[in-house]
Amino acid sequence: MSQDGLRERKKSIPDENTPRETEDENDADIREPVFGPMPTFPYQRFWTRMMLILGTLLVVYFTSNNEKVVIFAKQNEKLNHRRQEIPCNQSYLNELTKLLGENEKVRCGRIVMDSIVNVQEAKKLAEIARKGLSLTGEPAGGASILDLHSGALSAGKNFVNLYTLNISGLYSNEDFNLYKTVRRKVHEALAFSFDLPSEKLFLTKPTFFSRLTAKPPATVHDEYWHSHVDKETYESFHYTSLIYLNDFGVDFEGGRFIFDDPDNHTSIIEPKTARVLMFSSGGENIHRVERVVSGQRFAITISFTCDQRKAISDPSIARFGSSKSF
């Protein structure tokens, strides 16, 4: 190699004492991008934040709408005593504590029992309901009721008084005795299940048979599928019970009883002949009935109060022929 070539090569080799240029992450930040400056748009930071907020809201929306459905009592189950205890609504608790006294513990919840009423009793009760409700012709849409206590009987958009119809032989003493016997069974079972003194629990109004059909309701008052609280609808109610008189999935479709619980949870009871549902009537038990889509659903609602001033007596066949109009 020539002398000139060696001199040029020495110039290209850095001296050990000469500071070398280094490249690290910080250097990379200040270098010009290889493909030029990144594009920007007006209010970039604002719109970035808005997209993050929108994404968060979408996540919350879709996760909060995950409904949890529990079949609390299936139609094909035989339940001796299934219970769910829940905290009492505060105003309901205050009212019952005042009525029962500080020493009585108030319990709230819901209970299903298939052992209180037998199938034969339930079928005879269903026949009582059908006889009375048939008096006004073809079933009206929505809910129709028969109240043996007051005599109220659905007739299209109105009510008539069963006891002014002067229909001989419609019911017998045995029918009314059966009604009374079953009502007492439920009374005792409810008092026992909720730890109530039986003598502090009274039958109250309205207590009635119901028939639900798939036909459009005759009036808005027949729309039984809206969520509600019994205590708000009927001031006298403290405990509600229902006896189902025929079978979901056999005699009718739809018509299941639904509790609307917090956090988008629902608990469902499937009706079964002779099944008894009992629950506290306060705001802790918001509920509704699923719309019947076919067939006819029969049940009897028996309501109870702890306020003796609002108690009613059992119905009697002696009411027939009364001249009192409804």
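Everything numeric here is computed off the predicted structure, so don't read it as measured data.

### Here we look at the pattern of salt bridges
Then, number 1: Applying the stated criterion across every chain, the model contains 15 salt bridges.
Then, number 2: In this structure, Arg83 engages Glu85 in a salt bridge whose closest nitrogen and oxygen atoms are separated by 3.0 Å.
Then, number 3: We classify Arg83 as partly exposed; its relative accessible area is 26%.
Then, number 4: Classification of Glu85 as partly exposed rests on a relative accessible area of 42%.
Then, number 5: In this structure, the salt-bridge partner of Lys310 is Asp307, at a minimum N-O distance of 4.0 Å.
Then, number 6: Taking relative accessible area as the criterion, Lys310 reaches 28% and is therefore assigned partly exposed.
Then, number 7: The structure contains a network of salt bridges with shared partners spanning Arg83, Glu85, Arg107 and Asp195.

### Section: the state of the cysteines
Then, number 1: For the coordinates displayed, the defined rule picks out 1 disulfide.
Then, number 2: Between the sulfur atoms of Cys88 and its disulfide partner Cys108 the distance amounts to 1.9 Å. Disulfide Cys88-Cys108: torsion about the S-S bond near 105 degrees, hence right-handed. Of this pair, Cys88 sits in the loop between β2 (82-85) and α4 (90-100) while Cys108 is found in the loop between α4 and β3 (109-113), placing the two residues 20 residues apart along the sequence.
Then, number 3: When its relative accessible area of 18% is taken as the criterion, Cys88 is described as buried.
Then, number 4: For Cys108, a relative accessible area of 1% corresponds to the buried category.

### Section: the packing of aromatic side chains
Then, number 1: In total, this model carries 10 aromatic pairs according to the counting rule given.
Then, number 2: Aromatic side chains Phe257 and Phe259 sit 5.0 Å apart centroid to centroid with 65 degrees between the ring planes, which places their arrangement in the edge-to-face category.
Then, number 3: Assessed through its relative accessible area of 0%, Phe259 is described here as buried.
Then, number 4: An aromatic cluster of at least three residues, connected via ring pairs, comprises Tyr92, Phe194 and Tyr239.
Then, number 5: The ring of Phe259 has Arg110 sitting right over it, with the charged end atom 3.9 Å from the ring centre.
Then, number 6: Taking NZ or CZ as reference, Arg291 lies 3.8 Å from the ring centre of Trp225, over its face.

### With respect to the side chain of Ser241
Then, number 1: With respect to the element layout, Ser241 can be found in strand β8 (residues 239-244).
Then, number 2: Relative accessible area serves as the criterion here: at 0%, Ser241 is assigned to the buried category.
Then, number 3: A polar side-chain atom of Ser241 sits 2.7 Å from the main-chain carbonyl oxygen of Ile302.
Then, number 4: When sequence neighbours within four positions are dropped, the list of residues in contact with Ser241 reads Val186, Leu190, Leu277, Met278, Ile300, Thr301, Ile302 and Phe304.

### Comments concerning the environment of Gly254
Then, number 1: As for its placement among the helices and strands, Gly254 is situated in the loop between β9 (252-253) and β10 (257-261).
Then, number 2: Among residues more than four places away in sequence, those in contact with Gly254 are Phe248, Glu290, Arg291, Val292 and Val293.

### Looking at the confidence of the model for the protein chain
Then, number 1: Put simply, the protein chain has an average pLDDT of 86, and 80% of its residues get 70 or more.
Then, number 2: Across residues 16-30 the pLDDT falls below 50, and counting only partners more than four positions away or on other chains, this stretch makes 2 contacts in the model.

### Points about the nonpolar core
Then, number 1: Ranked by size, the top nonpolar core spans 48 residues in total, and within it Leu148, Phe209 and Tyr239 carry the most contacts.
Then, number 2: Secondary-structure elements contributing two or more residues to this core are α4, β3, α5 (119-133), α6 (173-193), β7 (202-213), β8, β12 (276-280) and β14 (294-305).
Then, number 3: A total of 8 residues in this core trace back to one element, the largest contributor, which is α6.
Then, number 4: Judged by nonpolar contacts, the second largest core, of 18 residues, contains Ala73, Ala143, Leu212 and Ile269.

Basis of the calculations
Residues numbered from 1 in each chain as written. Predicted model: local features only at pLDDT ≥ 70, side-chain atom pairs only at ≥ 80, totals over all residues. Heavy atoms only, no water. Salt bridge = Lys/Arg side-chain N within 4 Å of Asp/Glu carboxyl O. Buried < 20%, exposed > 50% of the residue type's maximum accessible area, 1.4 Å probe, protein only. Disulfide = S-S within 2.5 Å. Helix = DSSP H or I, 4+ residues; strand = E, 2+ residues; numbered from the N terminus. Phe/Tyr/Trp six-rings, centres within 6.5 Å; stacked < 30°, edge-to-face > 60°. Lys NZ or Arg CZ within 6 Å of the ring centre and 35° of its normal. Polar contact = N/O pair within 3.5 Å; in protein donor to acceptor, adjacent residues only side chain to side chain. Contact = heavy atoms within 4.5 Å. pLDDT = per-residue confidence, 0-100. Core = buried A, V, L, I, M, F, W, Y, C linked by side-chain atoms within 4.5 Å.

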